[in-house]
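Chain by chain, the residues:
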Number of protein chains: 2
Amino acid sequence: MNSSSSSKLIEEAVDQMSSLPGIGRKTALRLVLQLLERNKDEVDRFSRAFVNLKSEVKFCKQCHNISDDLLCHICVNKSRDNGLICVVQDIRDIMAIEATSQYFGQYHVLGGVISPMDGIGPSDLNINSLISRVEENQTKEVIIALKGSMEGETTGFYIYKKMEKLNVKVSTIARGIAVGDELEYADEISLGRSILNRSLYTESLAK
Amino acid sequence: MNSSSSSKLIEEAVDQMSSLPGIGRKTALRLVLQLLERNKDEVDRFSRAFVNLKSEVKFCKQCHNISDDLLCHICVNKSRDNGLICVVQDIRDIMAIEATSQYFGQYHVLGGVISPMDGIGPSDLNINSLISRVEENQTKEVIIALKGSMEGETTGFYIYKKMEKLNVKVSTIARGIAVGDELEYADEISLGRSILNRSLYTESLAK
């Protein structure tokens, strides 16, 4: 018989569950007790999913997207524009952009953003592989699609500076008021940018 | 090499994560990708916590609370009133009531509430063990502390009917406006009950 006491088992499960971002201890306890109500096979399957994921998932050697082979399905897709690389923070951003069906270039997953507070510097991110990729493939344009936070902007600027020496256009995604948003409820920064980055009415009609 | 494709591994992990109550697929994906960023040992520890919990946690034979022995620390505590049983839905409710330091009787965990919609009937809950416990221990009072939902009220009424034949007082926790709540923001049902169940001003001062 294992010597762990039941309250310690609960404690450890709550600790682990609340280690997930956005899950507080009260929510964690609720989730853990819900797991406890399931049968053993279900709990095993729940836990195994994460162990399997970690041990078996593979990443694309070129863009660092998740992949089943050496290169991911986007990198090997010949119908996509190889001259265009969209730089994103993580895999979720690829999923979000792919869901729009508006982009047909390649991606490059940084794996994070520069954040000195969290001890994340440029060398912790996939920036060197981006530089060599741009050099080797004669990329025409690098689109920076990072979040508008301080860290995102810093990372974007760092990449922009690195790209200056290379013969490549660097662009960034448009910021502004979301389609359908009420102006009065928009934050000032987004509204300000949407005025600065305004486009011709005829252009906006074409989109 | 395992034949699972990476996207299937992600898919299964997201399926499992979103099987938790209140976790949608978008949140689940965010949590899963955060797990993927951790090292293997951390993910193993995360997963093991739930498997260990399920396989090793023990429950009190008398009140169905989690326990390290045959009986839980509340049931074996001689300084607590054995004539008083507070009926709750699950273990969290015991934790919540214990945190108030206002209750010194015993508990009885039902393990749910009667909910025909979810296929949960009286026989799926620890109601028979409550009845035999009340009979055997000559319990003085059964306090029903279930939530104020339709299912909670139904379960409370079912237990009340079962207790009618036994020589035991059945009470229910007070419902009303929470301490510190503004009357104008309270829901009508709670406000209504707090008026019906009003107490003498001198009594409320004593509490």
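Here, the structure is the one placed above.
What counts and how
Residues numbered from 1 in each chain as written. Chains lettered and ligands numbered in written order. Predicted model: local features only at pLDDT ≥ 70, side-chain atom pairs only at ≥ 80, totals over all residues. Heavy atoms only, no water. Least-squares fit on C-alpha atoms with pLDDT ≥ 70 in both. Phe/Tyr/Trp six-rings, centres within 6.5 Å; stacked < 30°, edge-to-face > 60°. Helix = DSSP H or I, 4+ residues; strand = E, 2+ residues; numbered from the N terminus. Buried < 20%, exposed > 50% of the residue type's maximum accessible area, 1.4 Å probe, protein only. Contact = heavy atoms within 4.5 Å. Salt bridge = Lys/Arg side-chain N within 4 Å of Asp/Glu carboxyl O.

Remarks on the relation of the copies chain A and chain B
For the match of chain A to chain B, the screw axis carries a shift of 0.0 Å, the RMSD comes to 0.1 Å, and the turn is 180°. Considering both components of the superposition, the chain copies are consistent with a two-fold axis. No C-alpha of chain A lies nearer the rotation axis than that of Ser47(A), which sits 2.3 Å from it.

Focus: the packing of aromatic side chains
Tallied over the entire structure, the rule returns eight aromatic pairs over all chains. Note on Phe50(A) and Phe46(B): the rings are 5.7 Å apart at their centroids and 80° apart in plane angle, and the pair reads as edge-to-face. Highlighted residues: Phe50(A) in helix α3 (residues 40–56) and Phe46(B) in helix α3 (residues 40–56), drawn from two different chains. Each member of the pair, Phe50(A) as well as Phe46(B), carries the same accessibility label: buried. An aromatic cluster is built from Phe46(A), Phe50(A), Phe46(B) and Phe50(B), whose rings are joined through pairwise contacts.

What to know about the environment of Pro122(A)
Residues and elements named next belong to chain A. Here proline 122 shows up in the loop between β4 (105–109) and α5 (128–137). Owing to a relative accessible area of 26%, proline 122 belongs among the partly exposed residues under this scheme. Distance from proline 122 to glutamate 151, taken between C-alpha atoms, is 11 Å for residues 29 residues apart in sequence. Aside from chain neighbours lying at most four places away, what touches proline 122 is Ile114, Ile127 and Tyr158.

What about the environment of Leu125(B)?
Residue and element names in this part refer to chain B. Inspection of the secondary structure assignment puts leucine 125 in the loop between β4 (105–109) and α5 (128–137). Sequence separation between leucine 125 and glutamine 34 is 91 residues, and the spatial gap between their C-alpha atoms is 37 Å. Each residue touching leucine 125, except ones within four places of it in the same chain, is listed here: Leu110, Gly111, Gly112, Val113, Ile114, Ile120 and Thr155.

Observations concerning the pattern of salt bridges
Residues and elements named next belong to chain B. In the structure shown here, the tally under the stated rule is 18 salt bridges over all chains. For aspartate 44, the salt bridge is made with lysine 40, and the minimal N-O distance between the two is 3.2 Å. Placement of the pair is aspartate 44 and lysine 40 together in helix α3, with a separation of four residues, close to one helical turn. A relative accessible area of 42% places lysine 40 in the partly exposed class. One salt bridge in this structure joins aspartate 81 and lysine 140, with 3.4 Å as the shortest N-O distance.

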